[in-house]
Amino acid sequence: MKKLTVLLAAVMMLAMLAACGEKNKETDKTQGASAPAAASAAASVAPASPAAATTDKLADIKKAGTVIMGTSADYAPYEFHKNIDGKDTIVGFDIEIAKAIAADLGVKLEIKDIGFDGLLPALNAGKVDFVISGMTPNKERLESVDFSKIYYTAQQVIMVRADDKDKFKSMDDLKKATVGVQTASIQEDIAKEQLQGAKIKSIAKITDLALELKNKKIDAIIMESPVANGYVTKNKDLVISSVKPEAEEAGSAIAVKKGNDTLTAEINKSLDKLIKDKTIDKLVDEAFQLSEK
C-alpha cells in the first residue's frame, strides 16, 4: 500500500511538471508573436523623422488655391497704404511682384500687414508663406530663414530736417544726435555699428519715424534711398543729407521658411522673368509715382 501511494504521488508530480512545461511553451509563443506587434505599435506612435515631417509647401499652396504674403506696409514705394476708389489698399512694387508670383503659381494672393519685426516670426510660425518687405538677407536672418535671389538694390541715405541740412557734415556729427531707425532693420544694424555714442531710437513703422523727425523728437533717419526720395518729394521740410553711412548697397530679397526649396525655386523663376524684361524697374517707377499722389 505504501509503495502504491508513493507511485501515485510520483505520477501526479510528473503530470504537474508536464503541464507547467506546456504552459511555459504557450507563454513563450504568445510573447514571440506579440513582440512584432508591439514593435509595430511603437513605430506607429514614434515621432516622425525630420525628413518625414517636412511638407511640400508649394503643393499645399496650390491645393489651398491661395498664397499668403507677409509685409510691413509702411515703406513706400515698396509697400504702403493708399486710398484707391475709396478703399484702403496696400500697394507698391513689392505687392506687384507678389501678384506676379501668385499668377505664375496659379493661385490667389492674400496680403497680411505685420510690423516689420514680426515678419520672420510669422513666417516661421506658418502664418505666412513668404515675406516681401524690402528685406535684406543679412547673416542673422539667413540663420533663421532662406531667401530668394536679390530682386532690387538700393543705397542707404540719411534724411534730416531741411533746417538741419548743413548741421551734419559727417557721421561723427551724428554721433551726438538722436537717430531714428526701423526696428529689426539693416538700418538699425548700421546705426549701432557706425554711430556709437549716438542715441538710437528704434520704431516699428517708417511713418512714425518720419513724424518723429518732423516733430523734432529725433534728428535724423537712416533709410533706403527710394523711401527717402518719396518723403522729401512730399515734405518740403525734409531733405536727404550729404552725409552717407558706410554701407554696401542693400539688396532686397524674398524670405521663405527653411526647407521650402520648391517654393523658393518657383519664386526665383518668377523673379528671373521680371528682372530680365526690366518689369521691376517699371514697377518701381509706377509705385514711386503712386506714392507721390
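Residues numbered from 1 in each chain as written. Predicted model: local features only at pLDDT ≥ 70, side-chain atom pairs only at ≥ 80, totals over all residues. Heavy atoms only, no water.

### As for the sheet that holds strand β11 (residues 199-203)
Alright, step 1. Reading across the sheet, the five strands line up as β11-β10-β12-β9-β13 and stay open at both edges, with mixed pairing between neighbours. Strands with a single pairing partner mark the edges of an open sheet, and in this sheet they are β11 and β13 (238-240). When strand polarity is set aside, the average angle formed by the axes of neighbouring strands in this sheet is 30°.
Alright, step 2. Sheet topology places strand β9 (residues 156-161) next to strand β12 (residues 220-224); five bridges connect them, and they run antiparallel. Note on β12: the bridge partner recorded for Val 160 is Ala 220.
Alright, step 3. Of the strands in this sheet, β9, β10 (178-182), β11 and β12 touch helix α8 (residues 186-194), which is tilted by about 130° from β12. (Pairing = 2+ DSSP bridges. Helix = DSSP H or I, 4+ residues; strand = E, 2+ residues; numbered from the N terminus. Axes fitted to C-alpha atoms, helices over the stretch in contact; angles between N-to-C directions. Contact = heavy atoms within 4.5 Å.)

### Observations regarding the packing of aromatic side chains
For any two aromatic rings, the description comes down to two numbers: the centre-to-centre distance and the angle of the planes.
Alright, step 1. Under the counting rule described, the total for this entry stands at four aromatic pairs.
Alright, step 2. With a centroid separation of 5.0 Å and 35° between ring planes, the pair formed by Tyr 75 and Tyr 78 is classed as tilted. Each of the two residues, Tyr 75 as well as Tyr 78, counts as buried.
Alright, step 3. Here the aromatic residues Tyr 75, Tyr 78, Phe 93 and Tyr 152 are joined through ring pairs into a cluster of three or more. (Phe/Tyr/Trp six-rings, centres within 6.5 Å; stacked < 30°, edge-to-face > 60°. Buried < 20%, exposed > 50% of the residue type's maximum accessible area, 1.4 Å probe, protein only.)

### Regarding the nonpolar core
Alright, step 1. By size, the foremost hydrophobic cluster in this structure holds 46 residues, and its most contacted members are Phe 93, Ile 97, Phe 130, Ile 132, Tyr 151, Met 223 and Ile 254.
Alright, step 2. The element best represented in this core is helix α4 (residues 93-105), accounting for seven residues.
Alright, step 3. Beyond its immediate chain neighbours, meaning those up to four positions away, Ile 254 contacts Ile 97, Ile 101, Phe 130, Val 131, Ile 132, Asp 146, Phe 147, Ser 148, Tyr 151, Ile 267 and Leu 271.
Alright, step 4. Ranked by size, the runner-up nonpolar core spans 16 residues in total, among them Phe 168, Val 179, Ala 220 and Ile 222. (Core = buried A, V, L, I, M, F, W, Y, C linked by side-chain atoms within 4.5 Å.)

It is worth stressing that arrangement in space is one thing and function is another; only the former is reported here.
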